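Chain by chain, the residues run as shown.
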Amino acid sequence: MNITEERALPWRAELRNSMKAKERTDIPRVEMPAQDPKVRCTNNEEVNYGLTAEKAMQEAKRCLDCANPTCMEGCPVGIYIPKFIKHIEKGEFLEAAKTLKETSALPAVCGRVCPQEKQCEAKCVHLKMKKESVAIGHLERFAADYERESGNISIPVVAEPNGMKIAVVGSGPAGLSFAGDMAKMGYDVTVFEALHEIGGVLKYGIPEFRLPNAFVDVEIDNLRAIGVKFITNCIIGRTITIEELKADGFKGVFVGSGAGLPRFMNIKGENLVGVMSSNEYLTRVNLMDAASPDSDTPVFLGKKVAVIGGGNTAMDSVRTAKRLGADRAIIAYRRSEEEMPARLEEVHHAKEEGIEFMTLRNPIEFIGNDQGRVTHMVLQVMELGEPDASGRRSPVEVPGKTETIEIDEAIVSVGVSPNPLIPQSVMGLEITKWGTIVVDNDTMQSAVPIVFAGGDIVRGGATVILAMGDGRKAAAAMDKWIKQGLS
Amino acid sequence: MFEVEAPLIAKSRKAGHFVMVKVGEKGERIPLTIADADLAKGTITLVVQKMGVSSSKLCNLAEGEFITDMVGPLGKATHIEKFGTVVCACGGVGTAPMMPIVAALKKAGNRVITVLAARNKDLIILEEQMQELSDEVIVMTDDGSYGVKGLVTNGVESVIQREKVDLCVTIGPAIMMKFVSLLTKKYEVPTLASLNTIMVDGTGMCGACRVSVGGKTRFVCIDGPEFDAHQVDFDEMLMRLGGYRDIEREDMEKMKCASGVN
Ligand SMILES: Cc1cc2nc3c(=O)[nH]c(=O)nc-3n(C[C@H](O)[C@H](O)[C@H](O)COP(=O)(O)OP(=O)(O)OC[C@H]3O[C@@H](n4cnc5c(N)ncnc54)[C@H](O)[C@@H]3O)c2cc1C
Ligand SMILES: Cc1cc2nc3c(=O)[nH]c(=O)nc-3n(C[C@H](O)[C@H](O)[C@H](O)COP(=O)(O)OP(=O)(O)OC[C@H]3O[C@@H](n4cnc5c(N)ncnc54)[C@H](O)[C@@H]3O)c2cc1C
Ligand code: SF4
Ligand code: FES
């Protein structure tokens, strides 16, 4: 059934006609209930509480069930948005979750971390009528959470085991979604992870207050339940090579090794003590639990913390610093707030929590004391010039205008490069000058036929949903490729 | 000294490689050089010196107990070829990581002179093994309680003055490597230093291990651990190593209290 036919089904038509479009658009957009900003910046619990069933059903009424649902064009994996929303309106929450899972492997995660305001919600027809878009992200989260909490997680149908071994490198969203799809098709899937924890950025990067680890673990357990095996502390290319995997009978390898290499600015004083990458900071706090007293890993608890950058990683770092007791937690960003790549909600939340935003400021030097510990940061004042290649107005220096602020910790969050371990260790891969692996756009197959790749290792720092989409695309293509080889 | 079961690592490791080890759920990940490997048994050997909390926890493990997490081999393997005469200058924590390098250099046909240094006699470790692997071992102690009295640099200098040295390899406390490097620079002896910076992940993910080499920021865990010593900014490295000293000391106090040790 295509989406037009589905939309014509009696239950959908009946629901659609039960209310006038005008009544629907007149309902105000739901507000996500959240912890009080003053309280939440002293704990690590999730900021958003999630919608109640009542609120979710009310919000679902706002959706017009468009004949031409433009929201779906905004979704990188083409989730059948009006269908899942109409299931919510009807109170069929488990059905809604099932609809999400037809296209998305990790709806509870994506409902929380996708930049909806740039994707589906940016294309919602409501915006054309000068109304706020349907809260698609909140509804996605609701349906996925409802399913998990109900204990009725739909166990996917798993095909007869075909005995063919498949290896996955990396357990981030790309690797997890690939593993899930392959296991469902009957393959014998093993995921190899370099770290001692499974989940990639979802675990070591994105903090608990935005994405509780327990939810990621549920997804991992679901994968285990359908036969996916996980091996931690194993670096492909080091502990085992891809050649060895091949010799060991693995029929295909999917590389989802992410963009783990932090970039620095290469400015004076950047190697002072107290200046670190957001990856180091977040890894210490999230993966190594360094802030808890019984952890052996230390983390410096700054009182005046500056975070450089305007992306999600910067927001996560600065809000973590606030939670760890910083009196001043500052974002220094070289463009204006409008150009910030972070999710809108995170910027709002950060502001509510008292994060200071110093925009149009570019660090040019860190100054330290005689023990080599950072004490000041010099900022170049910027202004916006002409739009650059990315379409964002590029910042230009205001000649001679600088500011010096006192800090005791600086977290550099100016982007990441692809993890070089795999590109360095596999012969024959085609690598771009940015260090990403070149793959076929449709199949995600690399220049080495047995190797498929997706997520940040192919795109550079991107998003969870794109990584997940790549994983699923690669699974479908690898299955086809393997079966072609057999026939 | 530990022998740890790790067949995959034993198979793929080369001289100069290290592993990241974590003891306990809330343990810290610390880098340790693979001193030796036994392919038949599928084991690797680690030599650990008690420094702070994590190394002590490791040393307190009894035989048969498990290391919670271990991953490797990491880092770039030492470039081994026939150089001629090689002086291996090591002290303190650097002695263990030097062992596989001495062995590999010797195997490649080099004349290997090992300078083993420590503050006093009790702190000299692995002398016997080094004697076996090297052509000559010069033991140096700060207080003269054993071997020759003097610093590691005195030992190295005596060799350089006596014969032509083609390469020097140095591993030890950053301050020691700094002075070895200054010395060999004076005599224009190419020198490799294996840097033991602070690490978190050991896989290139965090940048905690970064150092300036030839004015460029490099990551020790993936670009190193060995670098051209004459290009390394040791002062910066020393400064960065001190970064967590206060917190580490507090943790150590806590552990001592908890275990009743003093
Ligand atoms: C702090 C932070 C916040 C973010 N916030 C958001 C957000 O709000 N919304 C959003 O959409 N995106 C966000 N992102 C980006 C998003 O997390 C990534 O785009 C996504 O995780 C990429 O997924 P991946 O599967 O490609 O790689 P990753 O999640 O990076 O996982 C890769 C895994 O592979 C492992 N690995 C690497 N090399 C090897 C090897 N050789 N052998 C074995 N294992 C290996 C790594 O240890 C890692 O666990 C954020 C990123 C960060 C760092
Ligand atoms: C590539 C590499 C290989 C190594 N191989 C070995 C090995 O084979 N055997 C071994 O015993 N050690 C080795 N080390 C050093 C070892 O990792 C550290 O001694 C260990 O991390 C100390 O942890 P800790 O918690 O016990 O001490 P901490 O509590 O972290 O430190 C205690 C004291 O030691 C200082 N310190 C911490 N780390 C270092 C360091 N890396 N160098 C010098 N001083 C330090 C601290 O400033 C502090 O004063 C290696 C390090 C690197 C980077
Ligand atoms: S565009 Fe908006 S109103 Fe239309 S189907 Fe999508 S979510 Fe519903
Ligand atoms: S230890 Fe993290 S990058 Fe080297």
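Note that this is a predicted model, so its numbers are computed, not measured. (Residues numbered from 1 in each chain as written. Chains lettered and ligands numbered in written order. Predicted model: local features only at pLDDT ≥ 70, side-chain atom pairs only at ≥ 80, totals over all residues. Heavy atoms only, no water.)

When helices and strands are tallied, chain B shows nine helices and 14 strands. In terms of C-alpha radius of gyration, chain B reaches 18 Å, essentially the compact-globule figure of 18 Å for 262 residues. Taking the principal axes of its C-alpha atoms as reference, chain B extends roughly 50 × 45 × 40 Å. Counting every position in chain B, which comprises 262 residues, the buried fraction comes to 55%. Intrachain contacts of chain B at a sequence separation of at least 6 include 65% that bridge at least 24 residues. Total accessible area on chain B stands at roughly 11,600 Å², and carbon and sulfur atoms take up 51% of it. The averaged location of the 34 negative side-chain charges in chain B is 3 Å from the averaged location of its 30 positive side-chain charges. (Helix = DSSP H or I, 4+ residues; strand = E, 2+ residues; numbered from the N terminus. Rg over C-alpha atoms; globule rule 2.2 N^0.38 Å. Buried < 20%, exposed > 50% of the residue type's maximum accessible area, 1.4 Å probe, protein only. Contact = heavy atoms within 4.5 Å. Areas by Shrake-Rupley, 256 points an atom, 1.4 Å probe, with all protein chains shown as cover. Lys, Arg positive; Asp, Glu negative; His and termini not counted. Charge placed at Lys NZ, Arg CZ, Asp CG, Glu CD.)

Residue and element names in this part refer to chain A. Packing of helix 16 (residues 312–323) against helix 17 (residues 344–352) brings their axes to within 10 Å, and their N-to-C directions diverge by 25°. The pairing of helix 16 with helix 17 is recorded here as roughly parallel in orientation. Crossing handedness for the pair helix 16 and helix 17: left-handed. From helix 16, Asn312, Met315 and Arg319 reach across to helix 17, where they touch Glu346, Val347, His349 and Ala350. (Axes fitted to C-alpha atoms, helices over the stretch in contact; angles between N-to-C directions. Parallel < 35°, antiparallel > 145°, perpendicular 65-115°, else oblique. Left-handed = near helix turned anticlockwise from the far one by under 90°.)

Let us look at the site of ligand 3. Every residue lining ligand 3 is accounted for by A:Cys63, A:Leu64, A:Cys66, A:Thr70, A:Cys71, A:Pro82, A:Cys124, A:Val125, A:His126, A:Val134 and A:Ile136. Partitioned by chemical class, the residues of the shell around ligand 3 number nine nonpolar, two polar and no charged. (Near = heavy atom within 4 Å. Nonpolar A, V, L, I, M, F, W, Y, C, P; charged D, E, K, R; others polar.)

Residues and elements named next belong to chain A. Most of strand 1 (residues 165–169) is tucked away: four of the five residues are buried. Alignment of strand 1 against strand 2 (residues 188–192), held across five bridges, turns out to be parallel. Paired with alanine 167 across the bridge in strand 2 is threonine 190. Handedness of the strand 1-helix 11 (residues 173–184)-strand 2 crossover: right-handed. By the bridge criterion, five bridges tie strand 1 to strand 4 (residues 250–255) in an arrangement that is parallel. (Pairing = 2+ DSSP bridges. Right-handed = clockwise from strand over helix to strand, strands pointing away.)

All right, on to the site of ligand 2 then. Residue and element names in this part refer to chain B. The environment of ligand 2 is made up of 23 residues, and the closest members are Pro31, Val47, Gln49, Ser55 and Asn196. Measuring from an oxygen atom of ligand 2, one finds a backbone N or O atom of proline 31 at 2.7 Å. Contact distances for ligand 2 include 2.6 Å between a nitrogen atom and a backbone N or O atom of asparagine 196. Summarising the interface, the protein chains cover 88% of the accessible area of ligand 2, which totals 890 Å² for the free molecule. Tallying contributions element by element places strand 3 (residues 29–38) first for the shell around ligand 2, with four residues. Of the residues belonging to the shell around ligand 2, the class tally is 13 nonpolar, seven polar and three charged. (Polar contact = N/O pair within 3.5 Å; in protein donor to acceptor, adjacent residues only side chain to side chain.)

What follows is about the sheet that holds strand 10 (residues 361–368) of chain A. Pairing between sheet strands relies on hydrogen bonds along the backbone, with the strands arranged either parallel or antiparallel. All names here are of chain A. With antiparallel pairing, the three strands of this open sheet are ordered in space as 10-11-12. In this open sheet, the two strands that pair with only one neighbour each are strand 10 and strand 12 (393–406). Sheet twist, expressed as the mean angle between neighbouring strand axes with direction ignored, is 20°.

Attention shifts here to the sheet that holds strand 1 (residues 2–5) of chain B. Residue and element names in this part refer to chain B. Spatial ordering of the open sheet is given by 1-4-3-2-5, a layout of five strands whose pairing is antiparallel. A strand with exactly one partner marks an edge of an open sheet, and here the two such strands are strand 1 and strand 5 (69–74). Within the sheet, the average angular offset between the axes of one strand and its neighbour, ignoring direction, is 40°. Direction of pairing for strand 3 relative to strand 4 (residues 43–46): antiparallel, over a ladder of four bridges. For alanine 37, the partnering residue across the bridge sits in strand 4 and is isoleucine 44.

Residues and elements named next belong to chain A. Counting through the fold element by element, serine 413 comes out in the loop between strand 13 (409–412) and strand 14 (416–417). For serine 413, the side chain forms a polar contact with the side chain of serine 278, separated by 3.4 Å. A polar side-chain atom of serine 413 sits 3.1 Å from the main-chain amide nitrogen of alanine 314. Filtering out sequence-adjacent residues up to four positions away, serine 413 remains in contact with Ser278, Val307, Ile308, Gly309, Thr313 and Ala314.

Within chain B, residue pLDDT values average 87, and 92% of them lie at 70 or more. Across the interface, the model reports ipTM at 0.85; the global pTM reads 0.89. (pLDDT = per-residue confidence, 0-100.)

Moving on, we come to the pattern of salt bridges. Using the criterion set out here, one finds 59 salt bridges over all chains in the structure. Between A:Lys86 and A:Glu89 there is a salt bridge, with its nearest N and O atoms 2.6 Å apart. One end of the pair is A:Lys86 and the other is A:Glu89, both in helix 7 (residues 81–89) and three residues apart, which spans about a single turn. With respect to burial, A:Lys86 and A:Glu89 carry one shared label: buried. A salt bridge links B:Lys26 to A:Asp289; the shortest N-O distance between them is 2.3 Å. A residue pair is termed interchain when its members come from two chains, as with B:Lys26 in the loop between strand 2 (18–22) and strand 3 and A:Asp289 in the loop between helix 15 (278–287) and strand 7 (304–308). A relative accessible area of 26% means that A:Asp289 is categorised as partly exposed. Connected via shared salt-bridge partners are A:Arg40, A:Arg210, A:Asp316, A:Arg319, A:Arg323, A:Arg343, A:Glu345, A:Glu346, A:Glu352 and A:Glu353. (Salt bridge = Lys/Arg side-chain N within 4 Å of Asp/Glu carboxyl O.)

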